[in-house]
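Examination of the molecular architecture
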Amino acid sequence: MSRERGQPALELAPSILSADFARLGEHAQAAVEGGATLLHVDVMDGHFVPNITIGPPVVASLRKATKVPLDCHLMIEDPDQYIPAFAQAGADWISVHQEACIHLHRTLELIRSHGAKVGVVLNPATPVDTLSEVLGMVDYVLVMSVNPGFGGQKFIPATLEKMRQLAAQRQAKRLDFRIEVDGGIALDTVADAVRAGAEVLVAGNAIFGKGDAKANAQKLLKAACDATLRRA
Ligand code: DX5
Ligand code: ZN
């Protein structure tokens, strides 16, 4: 359903949360030159998570600055109220948290109705089973490997099991959603995530934290690709 012809098996989605917001276009471009095929945009409202970041105007500006799809991760309460504005601003992928949506099915349909790829996100403490009724209607499932709210946190290894469960359920139910991982992805954790089934790799600090974003992206993608060769 969601896998398009020619779509790479592994994709790097740098999180702009760790970029220099005053040089956003430049930083995004460097990551794309390093092999990123998506840009991950972390939207935080100060309610669902204890931090505030950006809204649709920044997405609209980024949309003009780059051609790669924008993957908007909404860490907000009442996402239905804002989904149309993000889609209008140019979000190509929109994900919402299972924990934030009382009427999750309706919210996912709302994303679809605006023409964006449909994603659902699980916090570290939320089991995969909570998605059993909606797995057939999403393009991707995002497994949080840190508690959402901040960049630069430590990867939680226990979340690998959820990536394995999702990959197994996808096969058993003959579904086609992709598995995305977000939080603490770096050179020392990316191989475990890829071997567990992650295909879309979000990384903030590892790309924009220090050094050159282009070189950081190249190194992380290479480590991810090397891990697929050793995937069980
Ligand atoms: C956390 C965000 C992540 C975060 C990833 O709430 O959803 O996207 O920015 O950053 P790193 O890779 O630094 O953990
Ligand atoms: Zn994110």
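In this text the structure is predicted, and so the values were computed from the model without any measurement.

**Notes on the environment of phenylalanine 150**
Structurally, phenylalanine 150 is set in the loop between β6 (140–144) and α5 (160–172). Its relative accessible area of 44% is what places phenylalanine 150 among the partly exposed residues. Between the C-alpha atoms of phenylalanine 150 and valine 49, which are 101 residues apart in sequence, the distance is 8.8 Å. Those residues in contact with phenylalanine 150 that sit more than four places away from it in its chain are Leu17, Met44, Pro50 and Asn51.

**Regarding the site of ligand 1**
Near ligand 1 you find 20 residues, and of these Asp42, Gly149, Gly152, Asp182 and Gly204 are the closest. Between ligand 1 and glycine 204, the relevant distance is 2.8 Å, taken from an oxygen atom to a main-chain nitrogen or oxygen of the residue. The separation between an oxygen atom of ligand 1 and a polar main-chain atom of asparagine 205 is 2.9 Å. Taking 380 Å² as the accessible area of ligand 1 by itself, protein coverage stands at 99%. Going through the elements one at a time, β2 (39–44), β3 (70–75) and β8 (200–203) are the ones with two or more residues in the shell around ligand 1.

**Observations regarding the packing of helix α1 (residues 24–33) against helix α8 (residues 213–229)**
Two elements in contact, α1 and α8, have axes separated by 7 Å at closest approach and are oriented at 35 degrees. Along this stretch, α1 crosses α8, giving a crossing that reads as right-handed. Contact with α1, carried on its side by His27, Ala30, Ala31 and Glu33, involves Ala213, Lys214, Ala217 and Gln218 of α8 and no other residues of that element.

**So, the pairing of strand β5 (residues 117–122)**
Among the six residues of β5, six are classified as buried, and the element is accordingly described as predominantly covered. Neither face of β5 is exposed, since Lys117, Gly119 and Val121 on one face and Val118, Val120 and Leu122 on the opposite face are all buried. Sheet analysis places strand β4 (residues 93–97) next to β5, joined by five bridges and oriented parallel. For serine 95, the partnering residue across the bridge sits in β5 and is glycine 119. Following the chain from β4 across helix α4 (residues 104–113) to the adjacent parallel β5, one finds a crossover that is right-handed.

**Re the state of the cysteines**
What is meant by a disulfide is a covalent connection between two cysteines, made through their sulfur atoms. Counted according to the given criterion, the structure contains zero disulfides. Looking at cysteine 101, it has no disulfide partner, and the nearest cysteine sulfur is the one in cysteine 72, 15 Å off.

**So, the pattern of salt bridges**
Scanning the entire structure with this criterion turns up eight salt bridges. Ionic pairing is found between aspartate 192 and arginine 195, a salt bridge with its closest N-O pair at 3.6 Å. Of the two residues, aspartate 192 and arginine 195 are both situated in helix α6 (residues 190–196); the distance of three residues between them amounts to about one turn of the helix. Its relative accessible area of 38% is what places aspartate 192 among the partly exposed residues. For arginine 195, a relative accessible area of 34% translates into the label partly exposed.

Conventions and cut-offs
- Residues numbered from 1 in each chain as written.
- Chains lettered and ligands numbered in written order.
- Predicted model: local features only at pLDDT ≥ 70, side-chain atom pairs only at ≥ 80, totals over all residues.
- Heavy atoms only, no water.
- Helix = DSSP H or I, 4+ residues; strand = E, 2+ residues; numbered from the N terminus.
- Buried < 20%, exposed > 50% of the residue type's maximum accessible area, 1.4 Å probe, protein only.
- Contact = heavy atoms within 4.5 Å.
- Near = heavy atom within 4 Å.
- Polar contact = N/O pair within 3.5 Å; in protein donor to acceptor, adjacent residues only side chain to side chain.
- Areas by Shrake-Rupley, 256 points an atom, 1.4 Å probe, with all protein chains shown as cover.
- Axes fitted to C-alpha atoms, helices over the stretch in contact; angles between N-to-C directions.
- Left-handed = near helix turned anticlockwise from the far one by under 90°.
- Pairing = 2+ DSSP bridges.
- Right-handed = clockwise from strand over helix to strand, strands pointing away.
- Disulfide = S-S within 2.5 Å.
- Salt bridge = Lys/Arg side-chain N within 4 Å of Asp/Glu carboxyl O.

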